Every structure is written in structure tokens, then in C-alpha cells.
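# Survey of secondary and tertiary structure
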Protein chains: 2
Amino acid sequence: MVKIQCQRRNTRQRQVVLEELRASFSHPTAGDLYRTVVARMPQISLGTVYRNLEILQESGQAIRLAGCTGQEARYDGRTDPHLHFQCCKCARISDLDTMLPLLDELVGTTVEGHEVTAYQVVLRGTCRACGSSR
Amino acid sequence: MVKIQCQRRNTRQRQVVLEELRASFSHPTAGDLYRTVVARMPQISLGTVYRNLEILQESGQAIRLAGCTGQEARYDGRTDPHLHFQCCKCARISDLDTMLPLLDELVGTTVEGHEVTAYQVVLRGTCRACGSSR
DNA sequence: ATCGTTGCAAAATATTTGCAGTTGA
DNA sequence: TCAACTGCAAATATTTTGCAACGAT
């Protein structure tokens, strides 16, 4: 059951997927990224985008977002610890700059017997755009 | 774009789905619940389980869990605010009793222009069972 | 030359939906 | 009564995978 770590190669496809992910602030799905990337590399396939997002995530260059499970997966090219806000009306996800030092302090400790190495937080409600347009 | 709220009925199927969800501590998927429920109601269909989980979630009787998006959706019948821990090895999700008052204080306020009404937190790492079995 | 990666297409998995009949209030 | 709900099955949506060719190191 041990996962073998192989020597990753820096392919053009992987570079472009990461570039487009970093250039996006909309927390895109694999399909969103595919549509963006295919404009630059018409021959790339959706399967390759999925495979590369998985690899980028494993290597810490991308984050698969926490949010409601069971939806299309969303990714974030911003890897520093930060909170997310998801609007219940428009479903858009925003990065927040607000810090919660208490959470950072949990990392590296044991909580109720479990070793914590990372965390993700999603605040929900009505976003600025949806709230002001009422 | 306004969602019409209709008068929900208390069907036997909905009752049983909620009962089994509350009796489970494994944060089951719709498929998990279907397999449990079908033992009591052999004629129930998977579509009905999906529809009822959606309705229970809307009415606040169940929560669709935060976790990595893009996985099979998981539900929780425990609706009081609490943190979750997901193990990176076995993927199991545990409820935590640890409180973060700071997060509770954000509810009802506006953060960076967004009105916060709820939050979900997932801590990740190695759970007690996986950590002790190394 | 090696072996990780790719494109393609099919398969697998997960969720939603149309419809006709059923049922709770 | 009658609109919400159900079972069924088909349709969609999302993700993974087998395979032969390709390409980074």
C-alpha cells in the first residue's frame, strides 16, 4: 500500500496548466482550466489536465479546495494558508486575507489524538456582490 | 431566479433517510446511505435518497460536508457547529469536539465585504488510528 | 535508452431528471 | 383533492483508465 514517488518531469503541458491556474482567480474546475489551456495548446486533452492537477496537488503547487463535497473539484494556485469565502447565492469562491492565528497554531500539534498537518476553512454567506445588489 | 419554497411532506422515505443518517457516525455518501436504507425499505431508489439528502440539507437537518471538492458527497446528521478532521491516509472523517470561539464570532459579521452566516473547517493530517499503527 | 507522460477514447463513477403512478396533509 | 413525492430508467456530468506513441532527462 506504499505509494511510490517517481521522478516527475517538467512537461510543457504541466507548465501551462500551472501557469493558467496561477493566472486565474476564479478557483477553476478541471473543465474550466481545460478550456483555458486548450486555447494555448489545442492538442491537450482533458485527461491530461486531470492528471496534472492531481500531480500539482501532490507536489504542493496547487490545492484542491475544500468546499461542499460532491461538486466538481475546484483548484487554487495560491498555496499560502488563507481562508475562502463561498457565496450561497452565486456559489463563487473568494480568497480572504483575514488571518486566524489560532488555526495556524494547531498545525503540528495533535488534536483529539489526530496529528494536524494542514487545514482548510470555508466561510459561507452572501458575498459583497450579491449582498449589495438586493 | 427566485427559488420557490414548497410545503414539504414528511414521507416515510425521508424519515428513514434522516434516521439512518443520524445513526451513522461515518459521514456517509449517498450510496452508503442508500445501502443502509434499502435494508429497511427494499423498494426505495437511489434517486430518492439523493433527492431527500438535498431537501434535508436545504432545511438544515443535514449538512453536506466540506472536504475536498470533486469527491463523492458526504453528509452529516450532526448539525451543531463543529470541526472535522480528515485523515490523509485512510480518508476517514471524524467529528471533533474542539471549539474555535473566534470562528463563531465571525458568524453574523461582515468579512472583507461578505456577510458570513456559517463556516466549515477541515483539519487534515494523520488520524489516531493511522498514526499509532505505523 | 528509459520510463514518465500524452492523446485518445472508452469505462467507471456520481448525480440529476422526465414521467407516470402514489401518497401525505 | 392535489401538489409533493416516489420508483424506475435514461440522461448527464465528472473522473479515471488502458494503451500505444511520444518526449524529457
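The coordinates are above.
First things first, this report covers the structure right here in the doc. From a predicted model like this one, the values you see are computed outputs, not experimental measurements.

## Some remarks on helix H2 (residues 30-40) of chain A
Since the α-helix turns once every 3.6 residues, residues separated by three or four places project in the same direction. Residue and element names in this part refer to chain A. Within H2, burial applies to Ala30, Gly31, Leu33 and Val37. Angularly, the buried residues of H2 cover 150° about the axis, an arc narrow enough to put them on a single face. Within H2, the exposed residues directed more than 90 degrees away from the buried face are Arg35 and Ala39. At its buried positions, H2 is contacted by helix H1 (12-23), helix H3 (46-58) and strand E3 (75-76).

## Some words on the relation of the copies chain A and chain B
Each copy of the sequence occupies a distinct position, and chain A is placed on chain B by a rotation of 180° and an axial shift of 0.0 Å, giving an RMSD of 0.1 Å. Given the turn and translation reported, the copies of this chain are related as if by a two-fold rotation axis.

## Remarks on unusual backbone geometry
Phi is mostly negative for residues that are not glycine, and the peptide bonds are mostly trans. Positive phi, normally seen in glycine, also occurs at His27 of chain A, with a value near 55°. By relative accessible area, His27 of chain A is classed as buried at 2%.

## Details of the nonpolar core
Counting residues in each nonpolar core, the largest one holds 28 residues, and the members touching the most others are Leu103, Val121 and Leu123 of chain A together with Leu103, Val121 and Leu123 of chain B. Elements supplying a minimum of two residues to this core: strand E4 (84-87), helix H4 (101-106) and strand E7 (114-126) of chain A together with strand E4 (84-87), helix H4 (101-106) and strand E7 (114-126) of chain B. Residue contacts for Val121 of chain A: discarding those within four places in its chain leaves Leu83, His84 and Leu103 of chain A together with Leu103, Gln120 and Val121 of chain B.

## Some details on the protein's contact with DNA strand C
Lining the immediate surroundings of DNA strand C are 21 residues, of which Arg8, Arg9 and Thr48 of chain A together with Arg9 and Tyr50 of chain B lie closest. Sugar plus phosphate: this is where 68% of the atoms of DNA strand C within 4 Å of the protein reside. Arg51 of chain A has a polar side-chain atom sitting 3.1 Å from a base nitrogen of DNA strand C. Secondary structure elements with two or more residues in the surface near DNA strand C: H1 and H3 of chain A together with helix H3 (46-58) of chain B. Here the residues of the surface near DNA strand C are counted per class, giving five nonpolar, nine polar and seven charged.

## Some points on the interface of chain A and chain B
Across the contact, 41 residues belong to chain A and 41 residues belong to chain B. Per-residue buried area on chain A facing chain B is highest for Thr69, Glu112 and His114 of chain A; these three make up 19% of the total on that side. Taken together, chain A and chain B are joined by zero salt bridges. Here chain A and chain B share 21 residue pairs in polar contact (both at pLDDT 80 or more) between them. When residues of the side of chain A that touches chain B are traced back to their parent elements, those giving at least two are strand E2 (66-68), strand E5 (93-95), H4, E7 and helix H5 (128-132) of chain A. Considering each element in turn, the side of chain A that touches chain B owes the most residues, 13 residues, to E7 of chain A. In the sheet, E2 of chain A pairs with strand E2 (residues 66-68) of chain B via three bridges, with the strands oriented antiparallel. Across the sheet, the residue bridging to Gly67 of chain A is Gly67 of chain B, located in E2 of chain B.

## Examining the pattern of salt bridges
All names here are of chain A. Counted by the stated rule, this structure contains 14 salt bridges over all chains. Measuring nitrogen to oxygen at the nearest pair gives 2.7 Å for the salt bridge that ties Arg40 to Glu20. One end of the pair, Arg40, is in helix H2; the other, Glu20, is in helix H1, with 20 residues separating them in the sequence. For Arg40, a relative accessible area of 38% corresponds to the partly exposed category.

## Points about the protein's contact with DNA strand D
Near DNA strand D there are 21 residues, and of these Arg9 and Tyr50 of chain A together with Arg8, Arg14 and Thr48 of chain B occur at the shortest range. For DNA strand D, the fraction of protein-proximal atoms (within 4 Å) that sit in sugar or phosphate groups is 65%. Side-chain polar atom of Arg8 of chain B to a phosphate oxygen of DNA strand D: 2.4 Å apart, as the coordinates give it. Asn52 of chain B has a polar side-chain atom sitting 3.3 Å from a phosphate oxygen of DNA strand D.

What counts and what doesn't
- Residues numbered from 1 in each chain as written.
- Chains lettered and ligands numbered in written order.
- Predicted model: local features only at pLDDT ≥ 70, side-chain atom pairs only at ≥ 80, totals over all residues.
- Heavy atoms only, no water.
- Buried < 20%, exposed > 50% of the residue type's maximum accessible area, 1.4 Å probe, protein only.
- Helix = DSSP H or I, 4+ residues; strand = E, 2+ residues; numbered from the N terminus.
- Arc of directions from axis to C-beta.
- Contact = heavy atoms within 4.5 Å.
- Least-squares fit on C-alpha atoms with pLDDT ≥ 70 in both.
- Core = buried A, V, L, I, M, F, W, Y, C linked by side-chain atoms within 4.5 Å.
- Near = heavy atom within 4 Å.
- Polar contact = N/O pair within 3.5 Å; in protein donor to acceptor, adjacent residues only side chain to side chain.
- Nonpolar A, V, L, I, M, F, W, Y, C, P; charged D, E, K, R; others polar.
- Buried area = accessible area lost by both parts, 1.4 Å probe.
- Salt bridge = Lys/Arg side-chain N within 4 Å of Asp/Glu carboxyl O.
- Pairing = 2+ DSSP bridges.

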